[in-house]
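One letter stands for each residue in the lines below.
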Amino acid sequence: MTTTPVPRHTVPVDVHLVLRRDGALGPEVLLSRRAGPVYATGSGTCPPGTSTRARTWSRG
């Protein structure tokens, strides 16, 4: 008798990396400016990115 595996419950995870440094005029944060005919054109946002299941992570 064969059984069908039950799908596991998965939850998407968001991770945000904020790059900050001490500049001559105080703290600086890396932002990108939204361009083109999109929502919130001209505003600053954290640079987007994605990860895939195939990507491996290491501690450095």
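Every value quoted in this text rests on a predicted model; they were computed, and no experiment measured them.

A. Focus on the pairing of strand β2 (residues 26-29). With 4 bridges joining them, strand β1 (residues 20-23) and β2 adopt antiparallel strand pairing. Bridge pairing links Arg20 to Val29 in β2. Taking the residues between adjacent antiparallel strands as the criterion, β1 and β2 are bridged by 2 residues.

B. Broad picture of the pattern of salt bridges. Counted according to the given criterion, the structure contains 2 salt bridges. Across the pair Asp22 and Arg20 runs a salt bridge, and its minimum N-O distance is 3.4 Å. For the pair shown, Asp22 and Arg20 are each scored as exposed. Here Glu28 ties to Arg21 by a salt bridge, and the two come within 2.6 Å at their closest N and O atoms. By relative accessible area, Glu28 is classed as partly exposed at 34%. The exposure class of Arg21 is exposed, given its relative accessible area of 58%.

Procedures and definitions
- Residues numbered from 1 in each chain as written.
- Predicted model: local features only at pLDDT ≥ 70, side-chain atom pairs only at ≥ 80, totals over all residues.
- Heavy atoms only, no water.
- Pairing = 2+ DSSP bridges.
- Helix = DSSP H or I, 4+ residues; strand = E, 2+ residues; numbered from the N terminus.
- Salt bridge = Lys/Arg side-chain N within 4 Å of Asp/Glu carboxyl O.
- Buried < 20%, exposed > 50% of the residue type's maximum accessible area, 1.4 Å probe, protein only.

Structural measurements only, silent on function.
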